[in-house]
Amino acid sequence: MKTFYIETFGCQMNVHDSEKVIGTLIGQGYAQVPTVEEAELVFYNTCSIRDKAEQKVFHRLQQFKRDGKGKTFAVLGCVAQQEGEKIFEKAPHVSLVCGSASYNRLPELLVQLETGNRRVTGLSLDTEDTFDTPLTRRDNPHRAYITIIEGCDKSCAYCVVPFTRGPERSRTSASVLDEAGRIAASGYTEIQLLGQNVNSYRDPSPAGWDFATLLDRVGRVPGIRRVRFTTSHPRDFVKEIVDAIDENPALCNHVHLPVQSGSSRVLEAMQRLYTREEYMRRIEWMKRARRPIAISTDIIVGFPGETEKDFEATLGLLDEVEYDSIFSFKYSRRPNTPALALEDQIPEEEKIRRLAILQEHQRAIQVRRNAAYLGVVEECLVEGFNQATGQWIGRTSQNKTLNFLRPAASGEEQPALIARYVDVRVTRAGPNSLAGECVN
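What this report covers is the structure whose coordinates are included nearby. Remember, predicted model here, so these are calculated numbers, not experimental data. (Residues numbered from 1 in each chain as written. Predicted model: local features only at pLDDT ≥ 70, side-chain atom pairs only at ≥ 80, totals over all residues. Heavy atoms only, no water.)

## Quick look at the packing of helix H8 (residues 211–218) against helix H9 (residues 239–247)
Helix-helix packing: each pair is described by the crossing angle between the helix axes and the interaxial distance.
Thought 1: Orientation of H8 relative to H9, taken along the N-to-C sense of each, is 15°, at an axis distance of 8 Å. As far as their axial angle goes, H9 and H8 are roughly parallel. The two elements H8 and H9 meet at a crossing, and its hand is right-handed. Where H8 abuts H9, its residues Phe 211, Ala 212 and Leu 215 lie against Glu 240, Ile 241 and Ala 244.
Thought 2: Here the contact of H8 with H9 is composed, by residue class, of five nonpolar, no polar and one charged. (Axes fitted to C-alpha atoms, helices over the stretch in contact; angles between N-to-C directions. Helix = DSSP H or I, 4+ residues; strand = E, 2+ residues; numbered from the N terminus. Parallel < 35°, antiparallel > 145°, perpendicular 65-115°, else oblique. Left-handed = near helix turned anticlockwise from the far one by under 90°. Contact = heavy atoms within 4.5 Å. Nonpolar A, V, L, I, M, F, W, Y, C, P; charged D, E, K, R; others polar.)

## A look at the sheet that holds strand S17 (residues 401–405)
Thought 1: Read once around its circumference, the closed barrel built from five strands follows the order S15-S16-S17-S19-S18, with strand pairing classed as mixed. Geometrically, the sheet is characterised by an average inter-axis angle of 50° between neighbouring strands, direction not taken into account.
Thought 2: By the bridge criterion, four bridges tie S17 to strand S19 (residues 434–438) in an arrangement that is parallel. Directly across from Phe 404, in S19, lies its bridge partner Gly 436. (Pairing = 2+ DSSP bridges.)

## Examining the environment of Gly 84
Thought 1: Positionally, Gly 84 belongs in the loop between helix H3 (78–83) and helix H4 (86–90).
Thought 2: A sequence separation of 13 residues divides Gly 84 from Val 97, and the C-alpha atoms of the two residues are 6.7 Å apart.
Thought 3: When sequence neighbours within four positions are dropped, the list of residues in contact with Gly 84 reads Val 79, Val 97 and Leu 123.

The quantities given are spatial measurements derived from coordinates; they are silent on function.
Take a look at the structure:
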């Protein structure tokens, strides 16, 4: 039995893609091992959304340039699609380069490797397949992922996704619900729906469901208590999604809605297809919802041409929205993107300065937002136990981490609480997490 090791970089879609790759490999008779040293096949599932993530992959490959004798190396995912056969020149010891749209061909690509072919590629984007497979190896004990749409039809000036993932391809609603049913039957109670633009989903079957309808129906699958989704594009975020969250208690009251900038001028340069005012209309829908919806976002600082006034507009947006959390990044020049041709690139030291100011500004907002939870009882899905602190690690419906104490019942072992739901009263609040005591 041949052994393999896989390391995953990047987003939750990559994590889930790796689960599918692992399931496919095991189905082909391979055995997964925990270290590179033990493996005959070494897979790196890559991310190219930022330059730093890409550099990590080539650093890993360089590490094993000399010590990898007898091993077969494979580069999967976005860097594979972006760089293509050039990877063989940068890292001659790599034998397989495969983009995510070609994962359905993995069995035949593995046969080519086994027959001695040392340069095997799977780089076609011409496919309607969204890699729906019953062989997914789910290693997350408390949350199961379902990819409902692959690719992207937007053309954001900074983004490589349309090039690395291809055009949008939605799965049928029947296949999504079938997978959700199988997930529930195997004991999972939380599902996360995934897509580069998850709310761009359009059911290709005669049912013709939109995303809001699919979201609601997944939340009604017997046995499922929580449904999350990521990531949304504001252009396709409709009020019906908020209405579904209001009506269906299984839908988590958390929405991740990337804004990228608070300046309409910069948003236009980014080709984001909405203005600040149009984005704020979506925020208003959520602020007026009957359920308290936690909102998070992505922000890029230092996009070419971003002035100090533009940056101040982004800080003002933080104050206006009061996000529960943000993911913030410096603009990173990526190949095959329109922004490469833009002049007025922002100096690196200025991008670093703006990022630090943004993060400190948001930190103060999160301290205030989290303090509002003091004394409140929240339902948590238990995800782990911290031996060092003696605290359980839970996650609320609003996607907040809540660390809590709970005396063990007589004879109860610690792992018995994992993947269970408990009520916790919040007693302390920090900028990034809450702490409390279990009340049941």
